[in-house]
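Structural characterization, general
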Amino acid sequence: MEPYVTLKNKNGVGYIEFFHPAHNSLPGNLLSELARTIHSAGEDDSIKVIVLQSGGDRTFCAGASFNELVAINDEETGKIFFSGFANVINAMRKCPKFIIGRIQGKTVGGGVGLASATDYCMATKYAQIKLSELNVGIGPFVVGPAVQRKLGLSGMSQIAMDANTFYTAEWAMQKGLYTQVFDSAEELDEAVKTFAENMCSYNPKAMAEMKTMFWRGTEDWDQLLLQRAKISGRLVLSEFTKEKLKEYN
């Protein structure tokens, strides 16, 4: 199947779905399309609440595109590459609608950032999380603020340093990333649908004001995440990281 980003309005719920055959990894063009789609859904008055989900049933998101990562050969290209997730996270942050995350499977690196940037996140018991960036000599600089906002500094630093380990969905729920964990995707889908459609009955202006309140203190993220992207873009050119990437090539 070809990669895609789609938006479907069902009963006032805007379902944004992304897919890539490589475990739902997200190359730059797909990240750009995802950010644009979130912005569009936020401006659509017929959509009251948004659900962010991915296609397939095994992996929610494997993070950034490894092929694009390997091809980076200068700092500007690196900054642009790492800005992809920054732009999506900022689009989610500034969207006036609540965004509900539907996490059906494992999520890695940038995918953990996307889950963390949702306003209410529900998952299956298979939705383990891992911040693997340190494995290749960089770090979760761009997604770090979003992950820290949900897990706290202690939880975020734990999984960032323990870059080889998948942490369970139950651990993620205890730390505050997931609100509920279900035994199957079918149960997850039913819960997401019920919760999202119920939210459609609430005052949109009240929800928009609540979202602003919940995200207070993140007003500098437009600049902060781009600064973080520059750090990653610089590190990816280091000899250490270049050697590490050869191991995966």
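Residues numbered from 1 in each chain as written. Predicted model: local features only at pLDDT ≥ 70, side-chain atom pairs only at ≥ 80, totals over all residues. Heavy atoms only, no water.

The protein has the name Enoyl-CoA hydratase/isomerase family protein in an unreviewed UniProt entry, where Gelidibacter maritimus is given as its organism. The UniProt entry for the protein carries the following comment under Sequence similarities (unreviewed entry): "Belongs to the enoyl-CoA hydratase/isomerase family." (UniProt positions renumbered as here; feature names shortened; annotations may be inferred.)

A few words now on the layout of surface pockets. The rolling of a water-molecule-sized probe over the atoms marks out the regions of remaining empty space. Reported here for the largest pocket is a volume of approximately 770 Å³. Counting only elements with at least two residues in the lining of the largest pocket, the list comes to α2 (66–71), α3 (75–94) and β6 (106–108). Split into classes, the residues belonging to the lining of the largest pocket amount to 18 nonpolar, 13 polar and 3 charged. Partitioned by chemical class, the residues of the lining of the second largest pocket number 3 nonpolar, 6 polar and 3 charged. (1 Å grid on protein atoms, 1.4 Å probe; cavity = no way out; pocket = protein on both sides within 12 Å on 5 of 7 lines; lining within 4 Å. Points joined across faces, edges and corners; volume = space filled by probe spheres on them. Helix = DSSP H or I, 4+ residues; strand = E, 2+ residues; numbered from the N terminus. Nonpolar A, V, L, I, M, F, W, Y, C, P; charged D, E, K, R; others polar.)

This structure, assessed with the given rule, holds 9 salt bridges. The salt bridge partner of K79 is E76, with a shortest N-O separation of 3.9 Å. Here K79 and its partner E76 are both found in helix α3, 3 residues apart, which amounts to about one turn of the helix. The network of salt bridges with shared partners includes R93, K94 and D222. (Salt bridge = Lys/Arg side-chain N within 4 Å of Asp/Glu carboxyl O.)

Okay, α3 next. Along its 20 residues, α3 runs 27 Å from first to last C-alpha, staying within 8% of the 28 Å computed at 1.5 Å per residue. Within α3, the axis deviates most sharply at S83, by approximately 35°. N-cap assignment for α3: the residue whose side-chain oxygen lies 3.2 Å from the backbone N of E76 is D74. (Expected span 1.5 Å × (residues − 1). Bend = angle between axes of the 7 residues up to and from the residue. Polar contact = N/O pair within 3.5 Å; in protein donor to acceptor, adjacent residues only side chain to side chain.)

Attention now moves to the nonpolar core. L34 and Y178 are the most contacted members of the largest nonpolar core, which has 59 residues in total. A total of 8 residues in this core trace back to one element, the largest contributor, which is α3. Discounting residues that sit within four places of it in the chain, Y178 has contacts with I103, T107, C121, A123, A127, I129, A169, A172 and M173. Core analysis: the next-biggest nonpolar cluster, separate from the first, contains 15 residues, I100, M122, F182 and V192 among them. (Core = buried A, V, L, I, M, F, W, Y, C linked by side-chain atoms within 4.5 Å. Buried < 20%, exposed > 50% of the residue type's maximum accessible area, 1.4 Å probe, protein only. Contact = heavy atoms within 4.5 Å.)

Here the focus is the sheet that holds strand β9 (residues 180–182). Pairing within the open sheet is mixed, and its 6 strands lie in the order β1-β2-β3-β5-β7-β9. A strand with exactly one partner marks an edge of an open sheet, and here the two such strands are β1 (4–10) and β9. If you compare each strand with its neighbour and ignore which way they point, the axes differ by 20° on average. Pairing analysis gives 3 bridges linking strand β7 (residues 120–124) to β9, with the strands arranged parallel. Across the sheet, the residue bridging to T124 is F182, located in β9. Contacting β2 (13–19), β3 (49–54), β5 (99–103), β7 and β9, helix α7 (residues 185–199) crosses the sheet at an angle of about 175° to β5. (Pairing = 2+ DSSP bridges. Axes fitted to C-alpha atoms, helices over the stretch in contact; angles between N-to-C directions.)

This part covers the environment of I138. With respect to the helices, strands and loops of the structure, I138 is situated in the loop between β8 (129–130) and α5 (144–161). Along the chain, I138 and A115 lie 23 residues apart, while their C-alpha atoms are 20 Å from each other. The residues touching I138, leaving out its near neighbours within four places in the chain, are F82, E133, S232, L235, V236 and T241.

This part covers the packing of α3 against helix α4 (residues 110–117). Interaxial distance between α3 and α4 falls to 9 Å at its minimum, and their mutual angle equals 10°. With respect to α4, the axis of α3 lies roughly parallel. Contact residues: F85, V88, I89 and M92 in α3; G110, G111, G113, L114 and A117 in α4. Its residues assigned to classes, the contact of α3 with α4 shows 6 nonpolar, 3 polar and no charged. (Parallel < 35°, antiparallel > 145°, perpendicular 65-115°, else oblique.)

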